[in-house]
Amino acid sequence: MTLVAGIDSSTQSCKVVIREAETGKLVRQGRAAHPDGTEVHPDAWWAALQEAIEQAGGLDDVAAASVAGQQHGMVVLDENGQVVRPALLWNDTRSAGAAADLIQELGGGEKWADAVGIVPVASFTLTKLRWLARNEPSNADRTAAVCLPHDWLTWKLSGSTDISTIKTDRSDASGTLYWSAKTNQYRPDLLELGFGRLIETPEVLGPTGIAGHLPNGAPLGPGAGDNAAALFGTGAAPGDVVVSIGTSGTVFVSAEVSPDDPSGTVAGFADVTGRFLPIVVTLNAARVLDAATKLLGVDHEELSRLALTAPAGADGLVLIPYLEGERTPNLPDATGSLHGLTLKTSDPEHLARAAVEGMLCALADGLDALVDRGAAANRVVLVGGGARSEAVRRVAPELFGLPVLVPPPGEYVADGAARQAAWVALGSDEPPAWTAETPEVYEATPVPLIREQYKRVQPR
């Protein structure tokens, strides 16, 4: 029996799964928490990874491993491979001004979409490098290399200390603003535009490239950005749009061509198989539900029950869920707001329903944007922590207008990394076809009223 390891280093935690390479059967797993915040020292990720590996029984018996992780986070290293400063994560919006400046300096969003398939917003790595150069010049001067969270962890697992040996994959490189998924090449001119000079960047590997080796000699796969790994882990079929409700909300699909959206709504990332991953990302997702439970003093199960007690559309009560600013639409300084509060809607049931609908309306806008850019959408595959809510599962088809498939709860990002590791370990031309568990299917008559009243009050 050949075993492989998949690692998911997300914003909130690190998960490790050990699976059989041929079948995907889960053998064992481990988990450890990450600190909160939008600025985290990478050493905290390394400590969590060690704890999760120990919980999972170690990696001594695996034939390959792969790391997937949160995208865009800026990890800067000096010439000796030491971390220069805590990493700025994808959800840190302090570089919003830098993003706006970069758009203007290159000549507009269309120029960026043509160059790298995405348009600058505060989430992307290059905007954080610009912020660093402007606001922390001494740290900028010490910086000799930049990489992303999963690159850094893979490098650490390999035992290397040489910054020239850091490797990455297409999916994560495509979210930096200085690598193009269309040409499979770095854009050093854009890196220099953003940071003011050139620095070391990771080598970008193909789908089964070797990024290093574990102490037992087992190869490390190229890894992946979390969304690309989730798509790979779910085994989504053509026409399946994955909606992931975690710390962020993401809507994405595998495609043969980049969407090249000059508005920046749809980002033209890469997937883990050599194709593209058009994606729409919101900053606010499952934590909108967390905030609602805190506000109402209930747990998630009760929030779901309350939401399903209220009518569709919550009698006109609308929650705009921009609790941490927003990435799509690009409103980094926005706040959440509640509209339509009346005596009739001033109860826990209506507020719970408004929270679920507001979060899902933002994701439904993302689905529309993907379809407008040519994506096929026959079904929605709903994953992530937010998908555990019965209310979310039942309201989703009312808003998306498509059947919603909910696979059994699982670590789909870590599973995608494990499947990539199996592809490396088995040496096959195609990735292993692991058998997925049967999903629950939710269908409902669309309720256009919900999105109509949301759009009437949505900031632009």
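All figures in this text were calculated on a predicted structure; none of them were measured in a lab.

A. Layout of the overall build of the chain. The number of helices and strands found in the chain is 15 helices and 24 strands. By the compact-globule yardstick of 23 Å for 460 residues, the chain fits well, its C-alpha radius of gyration being 21 Å. The principal-axis extents of the C-alpha atoms in the chain amount to approximately 65 × 55 × 40 Å. Residue burial in the chain is summarised as follows: out of 460 residues, 58% are buried.

B. Molecular detail of the environment of Thr23. Among the structural elements, Thr23 can be located in the loop between β2 (13–20) and β3 (26–33). By relative accessible area, Thr23 is classed as partly exposed at 44%. Residues within four places of Thr23 in sequence aside, it is in contact with Trp434 and Thr435. A polar contact of 2.9 Å, which involves the side chain of Thr23, links it to the side chain of Glu20. Polar contacts involving the side chain of Thr23 include one to the main-chain amide nitrogen of Lys25, which spans 3.2 Å.

C. Geometry of the packing of helix α11 (residues 300–309) against helix α13 (residues 390–400). Taken N-terminus to C-terminus, the directions of α11 and α13 make an angle of 35 degrees; their axes are 8 Å apart at the nearest point. Judged by residue contacts, Ser304, Ala307 and Leu308 of α11 engage Glu390, Ala391 and Arg394 from α13. When grouped by side-chain class, the residues that make up the contact of α11 with α13 number three nonpolar, one polar and two charged.

D. View of the UniProt feature "active site" (unreviewed entry) in the chain. Those residues carrying the UniProt feature "active site" (unreviewed entry) are Asp226 in this numbering. Within the secondary structure, Asp226 is located in helix α9 (residues 226–234).

E. Focus on the nonpolar core. Ile245, Leu360, Leu382 and Phe400 are the most contacted members of the largest nonpolar core, which has 52 residues in total. Broken down by element, the residue count for this core peaks at 13 residues, all from helix α12 (residues 348–372). For Ile245, the residues in contact, after removing those within four places along its chain, are Ala285, Ala286, Met359, Leu360, Leu363, Leu382, Val383, Gly384, Gly385, Gly386, Ala387 and Val392. Counting 46 residues, the second-largest nonpolar core is a separate cluster that includes Val76, Leu126, Ala267 and Leu277.

F. Looking closely at helix α6 (residues 149–158). The buried count for α6 comes to eight of ten residues, which makes it a mostly enclosed element. Along α6, the residues classified as buried are Pro149, His150, Asp151, Trp152, Leu153, Thr154, Trp155 and Leu157. Backbone geometry just after α6 places Gly159 at a positive phi near 85 degrees.

G. Just the sheet that holds strand β23 (residues 404–406), in detail. Taken in spatial order, the seven strands make up an open sheet running β18-β19-β17-β16-β22-β23-β24, and their pairing is mixed. Each edge of the open sheet carries a strand with a single partner, namely β18 (267–270) and β24 (440–442). Across the sheet, the mean angle separating the axes of adjacent strands is 30 degrees when strand polarity is ignored. Pairing of strand β17 (residues 249–252) with strand β19 (residues 276–282), which is carried by four bridges, proceeds in the antiparallel orientation.

Rules and cut-offs
Residues numbered from 1 in each chain as written. Predicted model: local features only at pLDDT ≥ 70, side-chain atom pairs only at ≥ 80, totals over all residues. Heavy atoms only, no water. Helix = DSSP H or I, 4+ residues; strand = E, 2+ residues; numbered from the N terminus. Rg over C-alpha atoms; globule rule 2.2 N^0.38 Å. Buried < 20%, exposed > 50% of the residue type's maximum accessible area, 1.4 Å probe, protein only. Contact = heavy atoms within 4.5 Å. Polar contact = N/O pair within 3.5 Å; in protein donor to acceptor, adjacent residues only side chain to side chain. Axes fitted to C-alpha atoms, helices over the stretch in contact; angles between N-to-C directions. Nonpolar A, V, L, I, M, F, W, Y, C, P; charged D, E, K, R; others polar. UniProt positions renumbered as here; feature names shortened; annotations may be inferred. Core = buried A, V, L, I, M, F, W, Y, C linked by side-chain atoms within 4.5 Å. Pairing = 2+ DSSP bridges.

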